[in-house]
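Per-entry structural report
This is what each chain is made of:
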Amino acid sequence: MGLTLPEIEIHEPENLKEACALLKKLGRNARILAGGTDLIVDLKEKRAKVSHLVSLAEIVDIDRIKKDGKALSIGAGATANRIAANSMVARFLPALVDACNSMASYHIRNLATIGGNIASAVPSADLPPILIVADAKVELQGPRGKRKVKLENFFKGPRRTDMKPGEVLTRIIIPAQPKKSGSSYHKFALRNATALAVAGVAARVEMEKGLIKKAAIALGAVAPTPKLAKRAAAALRKKKPSRELFEKAAAIAVRESKPISDIRGSAEYRRDIVEVLTRRALEDAVARARGKKRK
Amino acid sequence: MQQVITLTVNGEEHSLAVKPNQTLRDVLRNDLGLTGTKRGCDVGACGACTVILDGEPVASCLLLAVLCHGKSVETIEGLEKNGKLHPVQKAFINHGAIQCGFCTPGMIVGAKALVDRNPDPSDDEIKEALGGNLCRCTGYTKIMEAIRNWKRYVDTDEPPVHDYDLDKHETVGRSMPRVDAYDKATGKAKYIEDYGFQNMLVGKILTSTIPHGIIKKIDTSQAEKLPGVAAVITGKDVPDRMYGVSPARYDEFVLAKDKVRYIGDEVAAVAAVDLETAEKALELIKVTYKQLPAVFNPADAVKNGAPQLHERYKNNINTRVNHHFGNVEQGFLEADHIREEVFVGNHVYQSPMEPHGAIAYWEGDGTLVLYSSTQVPHYLHYMMANVLDIPLGSIRIIRPTVGGGFGGKAETTPLDLCATILSKKTGRPVKMMYTRKEMFQHGRGRHKQYMKMKIGVKNDGQITAFDYTNYLDGGAYSSFGVITAYYAGSMLPTSYRFPNYKYDGYRVMTNKPACGAMRGHGVPQPRFALECLLNMLAEDIGVDPFEIRKINGMDPDTRTINDLDIRSCEFKATIDAVRKASGWDEKYGKLPPGKGIGLGTGGFVSGAGYAIYRGQVQQASQKPREHTFIKKAVFPHANAVVKVTEDGTAAVLFIGAAEIGQGSSTVLTQCCAEGLGIHPSRVRIRAEDSDISPIDLGAYSSRVTLMGGNASMRAGKDVLEKLLPIAAEMLNTVTGELEAKSGRIYVKSDPEKYADWAECARIYFNNNGPLVGTGWYKPPEGLGGDYKGAAVGTSPAYSFGSSVCELSVDLETGKVDIQKFTDYHDCGTPINPMAVHGQVEGAIVMGAGETIMEDVVYNSRGEIVNPNLHEYLIMTIKDAPEIFSGLVDSYEPEGPYGAKEIGEGSSLPVLGAVAHAIKNATGIWFTELPITPEKILKALKKKKAAVKE
Ligand SMILES: Cc1cc2nc3c(=O)[nH]c(=O)nc-3n(C[C@H](O)[C@H](O)[C@H](O)COP(=O)(O)OP(=O)(O)OC[C@H]3O[C@@H](n4cnc5c(N)ncnc54)[C@H](O)[C@@H]3O)c2cc1C
Ligand code: FES
Ligand code: FES
């Protein structure tokens, strides 16, 4: 008993080509199904209405995590727990492990995929900010071929993306991270597990001779899409890291955020949180860049 | 269209035809009958449906079964191998990690998966693994303890000897594992949703989509035509009698006859062959409303010209209490210091992990059989008789295992009523279950209270006067609210002596779901306010917060200003004990900014002195009488029968007491066994069925241990009385020289001279026929004063407690981390210390969550914004504090073996203690619940700005 699902037809294509063709044919009546932790909930609560689901589970390698030249490639079907447990990821971008572990709860993370987290384009999603500061791209496979999109350009609004009908997000490509760089992700939620972010901030800094050579800051849950705080990052260039500097950058990041008020927090509170998280994320990123373990 | 899949479940391969829209959970439950996997929420937010899929725990409610083709699933049912429990199961049983048991299968499965991948998990790793498994009962303390100790049970079945066991008796005072723990740890316990009958229909209720309006027309014709629909009912098909809780305020129709008063008010119901068809039928019912203006808070609702919800409640005031004891004006004149503050509570929902449900069918002789997830089988019984106008004798109520209640299942639900009426109409069994959202809409949660309190004290802290006004936001119907409004006033003078006391309470109707009785019924918010106020005053006048409580604290054998008779009372001992155990003196005033420690206390009834309805147990054909106060307990509130098996080796205790997770079946078994003089493992309890067990009024007002315990103990002793002459003859002595224990009836002066208890029982049967004993408990007559409302708050005994909370506040974000609780309680002499501590731990975590995160939020239309377990925040295992629960020595003469309550009273000190600790950490008093990070940060910023100026 409980909530029911609508009548649906499930398709389990065995390769991407088939998947794209199916999606193209079914159009608005179909959605891609990955872990279902977002989509099945929406279907049960009647927020989404479709009659066809195209599962990616049978597609070979859709969940593969591998080195791709100097880059790291994470298949869209990789679950948060698999990513968090992967030693390559832990070396390559430890902050992604933190972001994965900050999501939902253990038994959800065994289902929740990185592709679903990105493609659902929910503003509070935990993985996009860190992937954006890491300069990640997503690979999209459509009926007429592949294309790559920088993740920061992928989001078009709440639950809206750059994906065209018939396209599948196949993998996330994270380029080799610059030398002497460090990244971090800080999430603030109202409960310590199974809670969506009130705000989330990711930061990456590249150090050179004791100064910040370059920085990137991305904000989650405080704008219609995950968002780079470019001016805040610019203010850090060629500067010596200090609490004052980070506070200054944090204040700029606040101005770049565009939060709304909802059940998790007012816009004003979210701005306060962005300020705190930005500073903390920067402090951690610098510590990591310097090879220090986080506190 | 069905697809055939293969699924290996608990090592067995199954070939199953499933529909693409079936979840793994539903296939396990419905197609394979593996009902140990539970439905708590449907949307991944509770963890009750956790199973292990190819080695990893997952939420089976989010997984489509067709996509599990070829995979291997492990459920709770698969953990027991060759008749041997998994060590994690044993640990859960032995450490008391199970209460209602509804979260247990998911929790154990999650823990099993954890120890498979990491046999020595750290505390943080345990918490990380189970962050998605919500438990509303245990406060997670004993769950942590069980998993920490799981390895001890790899090769043994030995239960641990708990250091808190009392050694006075073999049965009472011992922390024996729960009698239902094995069933709950293995997924065998059957809850309402796990039952089904042949030819059964599924029912569903259509509810109002507007907050206030007149029903102009309901068109059910399309719904009726839908194939598979067996019946559709609306207001015209239900009795003209209204129902409710307090006889003076029955104000709900089974389905709305003319008016709807909140979003969620019941309008129509259908019964159909399956859930999908029932849901489709609801969509086809067309209701035309004339919208009326609505009102959503008490301040607006009492204004002249405000929309009126019910004709009979002028200015929407549903209950008005004006109590004035002594002379507060005079008392304030005598005060050296006066402080007045306004406090605002929050709207908290019980959120038991198990959703409500009911199954009804009618037998050929006209007997109604009703299964219900209720905590008050007798009041449900009574109310069904009343609404349907049939004798109690024609109704059989069955209460399956209940997955938590906390007051949310303390009244007759629309499911009970609609399932019954639909079943009558169709001649088939009808099953109805709430979804999580429907539970929130049905409501009956805690009243949000707006409290203005003024207190006067002497220089030394002695209270001279107390004046308090309270507006309770009642929602659209009365529910328990009359009693709530009285309790909110009557329960403060339990722990402190007030020479002058004034209480004005107004329960106000608003266009929202009705509020009812929740753990601590009406009292936690006023208690929060009073405890804060006392701590504020203590600061104002430089008196120690413990001292101010001791100066005013209650002593044993005192009649309170509102005529409550306090007997045993170790309130002051609890204060001293928490002070010492928490290390208060080393910490208070000495902690760095952002760290805080705080104190709260409380006192509560141990069973309501009077039943909810007055007079004799009624024949239903009698109309409910006008509310006349009869100052008599009248009929026995708890009744037990013990029947000994003919071979004398076991006794069965029959008592209709509602086990809802709090542990009553275990405690009553212990009381009965002690009375009988045999080991509790030889006593079985049958409490589920009104045809079998005599009346117990139910699990409310913390009454079962005291009242049901007395009845069970007496029934046991009654049996023993019958055996003593036989033993005396065998031992050549007189009955007065005999005592019974451990299955032996022995000579007191020479315990080695004994007769076998079972042998005596066998002889009794062979000579006299059935060996049966009875016992009952009636509260003392004449409890309470003579003023209007004096009955509410009366009790045979009162419990007391004190709590110290330690926490830290992130001064940059406002986030509170509740780290530790130290609690001491006076619950009399505990029957089962482990169960007592379990209640305290659960109450602390519930209360702490209530203080800092729980709140049902409404939008401007009166619609709930967060009717789910993802956004209505109850604490997870990662949020729960470490808890030390201790007990002070106490003996309550009116209780069985000296025991009194713990279940509700333990929630009272919590809120004030948290607020005090937050003040201590931040320098700021927060008077509005919940004290969210946002409120804290805002206040901190304001304070900073003020300092700068
Ligand atoms: C209880 C609970 C708690 C949660 N907590 C969090 C949290 O703390 N943080 C957080 O970020 N999220 C949280 N979520 C949301 C969700 O779990 C994540 O966003 C998850 O990563 C979604 O992945 P999925 O594989 O389950 O996606 P699905 O539900 O399968 O799909 C989500 C959407 O993405 C589309 N999609 C999926 N894969 C692809 C693809 N390869 N190409 C194109 N489109 C695709 C689908 O069509 C759908 O629209 C929570 C969910 C639940 C139920
Ligand atoms: S029922 Fe699946 S998580 Fe609640
Ligand atoms: S025992 Fe955990 S919810 Fe009841």
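This structure is a prediction, so every number in the text was calculated from the model and none was measured.

Some details on the overall build of chain B
The number of helices and strands found in chain B is 24 helices and 33 strands. Against the globule reference of 30 Å for 949 residues, chain B gives a C-alpha radius of gyration of 28 Å, in line with a compact fold. Projecting the C-alpha coordinates of chain B onto the three principal axes gives extents of approximately 80 × 75 × 65 Å. Counting only residues that meet the buried cut, chain B has 67% of its 949 residues in that class. If you take every contact in chain B between residues at least 6 apart in sequence, the share linking residues at least 24 apart comes to 77%. Positive and negative charge centroids in chain B, built from 105 and 114 side chains respectively, lie 5 Å apart.

Focus on the nonpolar core
Membership of the largest hydrophobic core comes to 275 residues, with the highest contact counts inside it found for A:Leu96, A:Ile174 and B:Phe92. Looking at this core element by element, the count peaks at ten residues for helix H15 (residues 524–541) of chain B. Apart from residues no more than four positions distant in its own chain, A:Leu96 is found in contact with A:Ile74, A:Ile83, A:Val89, A:Leu127, A:Ile130, A:Leu131 and A:Ile174. Within the second largest apolar cluster, 45 residues are counted, among which are B:Ala687, B:Val719, B:Leu738 and B:Val747.

Here's the deal with empty space enclosed by the protein
Residue and element names in this part refer to chain B. Overall, the coordinates contain nine cavities of 30 Å³ or more when judged by the stated rule. A volume near 130 Å³ is recorded for the largest cavity. The wall of the largest cavity is formed by 16 residues, among which Gly96, Ile98, Arg178, Met834 and Ala835 lie closest to the centre. Of all elements in the fold, only helix H19 (664–676) and helix H22 (833–852) reach the threshold of two or more residues within the lining of the largest cavity. Broken down by element, the lining of the largest cavity gets its largest block of residues, four residues, from H22. Of the residues belonging to the lining of the largest cavity, the class tally is five nonpolar, nine polar and two charged.

Remarks on the interface of chain A and chain B
With 48 residues of chain A in contact, the opposing surface of chain B contributes 58 residues. Approximately 4,600 Å² of surface area, both sides summed, lies buried where chain A meets chain B, with 58% of it carried by carbon and sulfur atoms. Between the two partners, chain A and chain B, sit seven salt bridges. A salt bridge links A:Arg280 to B:Asp810; the shortest N-O distance between them is 3.0 Å. Counting across the chain A and chain B interface gives 27 residue pairs in polar contact (both at pLDDT 80 or more). For the side of chain A that touches chain B, the elements supplying multiple residues, two or more each, are helix H2 (39–44), strand E3 (52–55), helix H6 (106–109) and helix H12 (267–289) of chain A. The element contributing the most residues to the side of chain A that touches chain B is H12(A), with seven residues. Broken down by class, the residue content of the side of chain A that touches chain B amounts to 23 nonpolar, 13 polar and twelve charged.

As for the packing of helix H16 (residues 545–552) of chain B against helix H17 (residues 571–582) of chain B
Residues and elements named next belong to chain B. The interhelical angle for the contact between H16 and H17, taken along N-to-C directions, is 170 degrees, at an axis separation of 10 Å. Relative to H17, H16 is oriented roughly antiparallel. Handedness of the H16/H17 crossing: left-handed. In this structure, H16 contributes Phe546, Arg549 and Lys550 to the contact, and H17 contributes Phe571, Lys572, Ile575, Asp576, Val578 and Arg579. Per-class residue counts for the contact of H16 with H17 are four nonpolar, no polar and five charged.

Observations concerning the site of ligand 1
In the vicinity of ligand 1, 34 residues are found, and the nearest of them are A:Ile32, A:Thr37, A:Leu39, A:Thr113 and A:Asp126. More than one chain approaches ligand 1, the contributing ones being chains A and B. The separation between an oxygen atom of ligand 1 and a polar main-chain atom of A:Ala34 is 2.8 Å. A:Ala195 has a polar backbone atom sitting 3.4 Å from an oxygen atom of ligand 1. Burial of ligand 1 by the protein chains amounts to 95% of its free accessible area of 980 Å². Looking at which element gives the most residues to the shell around ligand 1, the answer is helix H7 (residues 114–119) of chain A, with four residues.

What to know about a positive patch on the surface
Taken together, the side chains of A:Lys66, A:Lys137, A:Lys146 and A:Lys148 present a region of like positive charge at the surface. A:Lys66 sits in the partly exposed class, given a relative accessible area of 31%.

Quick word on unusual backbone geometry
All names here are of chain B. Here Leu929 and Pro930 are connected by a cis peptide whose omega angle stands at -10 degrees. Within the element layout of this structure, Pro930 appears in the loop between helix H23 (908–922) and helix H24 (933–948). A positive phi angle, close to 50 degrees, is found at Asn82, a residue other than glycine. When you line up the elements, Asn82 lands in the loop between strand E5 (72–74) and helix H2 (87–94). You can call Asn82 exposed: its relative accessible area is 80%.

A short note on the pattern of salt bridges
All told, the structure shown has 75 salt bridges over all chains when counted by the stated rule. In this structure, B:Glu438 and B:Lys204 form a salt bridge, with 3.1 Å as the shortest nitrogen-oxygen distance. Here B:Glu438 is found in helix H13 (residues 436–442), whereas its partner B:Lys204 is found in strand E6 (residues 201–207), with 234 residues between them in sequence. Take B:Glu438 and B:Lys204: they sit in the same class, and that class is buried. Among the charged side chains, a salt-bridge network with shared partners connects A:Arg243, A:Glu247, A:Arg279, A:Arg280, A:Glu283, B:Asp810 and B:Glu812.

Focus on the domain arrangement of chain A
The domain architecture assigned to chain A consists of domain 1 (9–55), domain 2 (65–174) and domain 3 (181–289). Each of domain 1 of chain A and domain 3 of chain A was reduced to a C-alpha centroid, and the two centroids are 35 Å apart.

Things to note about the pairing of strand E7 (residues 213–219) of chain B
Residues and elements named next belong to chain B. Relative to strand E9 (residues 259–260), E7 runs antiparallel, the two sharing two bridges. In the sheet register, Ile214 faces E9, and the bridge partner there is Lys259. Relative to strand E11 (residues 286–291), E7 is paired through six bridges, and the arrangement is antiparallel. Bridged to Lys217 within E11 is Thr288.

Looking at the domain arrangement of chain B
By a widespread convention, an interface's size corresponds to the accessible area lost as its parts come together. Residues and elements named next belong to chain B. Annotation of chain B at the domain level lists domain 1 (3–78), domain 2 (87–190), domain 3 (194–292 + 350–442), domain 4 (544–550 + 569–603 + 797–949) and domain 5 (638–777). Inter-centroid distance (C-alpha atoms) of domain 2 to domain 4 is 25 Å. Listed by partner, the interface residues are 32 residues for domain 2 and 24 residues for domain 4. With both sides pooled, the region where domain 2 packs onto domain 4 buries about 2,200 Å², and carbon together with sulfur makes up 64% of that total. Three residues, Leu134, Arg136 and Tyr140, lead the burial of domain 2 against domain 4; their summed loss comes to 28% of the area buried on that side. Counting every contact that joins domain 2 to domain 4 gives three salt bridges. A salt bridge links Lys878 to Glu128; the shortest N-O distance between them is 2.8 Å. Here domain 2 and domain 4 share ten residue pairs in polar contact (both at pLDDT 80 or more) between them. Among the elements that line the side of domain 2 that touches domain 4, the one with the most residues is helix H5 (residues 141–148), at four residues.

Regarding helix H3 (residues 104–117) of chain B
All names here are of chain B. Over its 14 residues, H3 extends 20 Å from the first C-alpha to the last, a length consistent with the 20 Å expected when each residue adds 1.5 Å. The buried fraction of H3 is high, at twelve of 14 residues. Every buried residue of H3 is listed here: Thr104, Pro105, Gly106, Met107, Ile108, Val109, Gly110, Ala111, Lys112, Ala113, Leu114 and Val115.

As for the sheet that holds strand E25 (residues 651–654) of chain B
Residue and element names in this part refer to chain B. Taken in spatial order, the four strands make up an open sheet running E26-E25-E24-E30, and their pairing is mixed. On the outer flanks of this sheet lie strand E26 (683–686) and strand E30 (772–777), each paired with one strand and no other. In this sheet, neighbouring strand axes are inclined to one another by 20 degrees on average, regardless of whether the strands run parallel or antiparallel. Relative to E30, strand E24 (residues 638–644) runs antiparallel, the two sharing six bridges.

With respect to the packing of H15(B) against H23(B)
Residue and element names in this part refer to chain B. Running from N to C, H15 and H23 cross one another at 40 degrees; their axes reach a closest spacing of 8 Å. Classified by the interaxial angle, the pair formed by H15 and H23 is oblique. Two packed elements cross with a definite hand, and for H15 against H23 that hand is right-handed. Here Pro524, Arg527, Phe528, Glu531, Cys532, Asn535 and Glu539 of H15 come into contact with H23, specifically with Leu908, Leu911, Gly912, Ala915, His916 and Lys919. A class-by-class count of the residues in the contact of H15 with H23 yields six nonpolar, three polar and four charged.

Thresholds, definitions, all that
- Residues numbered from 1 in each chain as written.
- Chains lettered and ligands numbered in written order.
- Predicted model: local features only at pLDDT ≥ 70, side-chain atom pairs only at ≥ 80, totals over all residues.
- Heavy atoms only, no water.
- Helix = DSSP H or I, 4+ residues; strand = E, 2+ residues; numbered from the N terminus.
- Rg over C-alpha atoms; globule rule 2.2 N^0.38 Å.
- Buried < 20%, exposed > 50% of the residue type's maximum accessible area, 1.4 Å probe, protein only.
- Contact = heavy atoms within 4.5 Å.
- Lys, Arg positive; Asp, Glu negative; His and termini not counted.
- Charge placed at Lys NZ, Arg CZ, Asp CG, Glu CD.
- Core = buried A, V, L, I, M, F, W, Y, C linked by side-chain atoms within 4.5 Å.
- 1 Å grid on protein atoms, 1.4 Å probe; cavity = no way out; pocket = protein on both sides within 12 Å on 5 of 7 lines; lining within 4 Å.
- Points joined across faces, edges and corners; volume = space filled by probe spheres on them.
- Nonpolar A, V, L, I, M, F, W, Y, C, P; charged D, E, K, R; others polar.
- Buried area = accessible area lost by both parts, 1.4 Å probe.
- Salt bridge = Lys/Arg side-chain N within 4 Å of Asp/Glu carboxyl O.
- Polar contact = N/O pair within 3.5 Å; in protein donor to acceptor, adjacent residues only side chain to side chain.
- Axes fitted to C-alpha atoms, helices over the stretch in contact; angles between N-to-C directions.
- Parallel < 35°, antiparallel > 145°, perpendicular 65-115°, else oblique.
- Left-handed = near helix turned anticlockwise from the far one by under 90°.
- Near = heavy atom within 4 Å.
- Areas by Shrake-Rupley, 256 points an atom, 1.4 Å probe, with all protein chains shown as cover.
- Patch = residues over 30% accessible without salt bridge, like charges linked within 9 Å, V, L, I, M, F, W, Y side chains within 5 Å.
- Domains from an automatic or database assignment.
- Pairing = 2+ DSSP bridges.
- Expected span 1.5 Å × (residues − 1).

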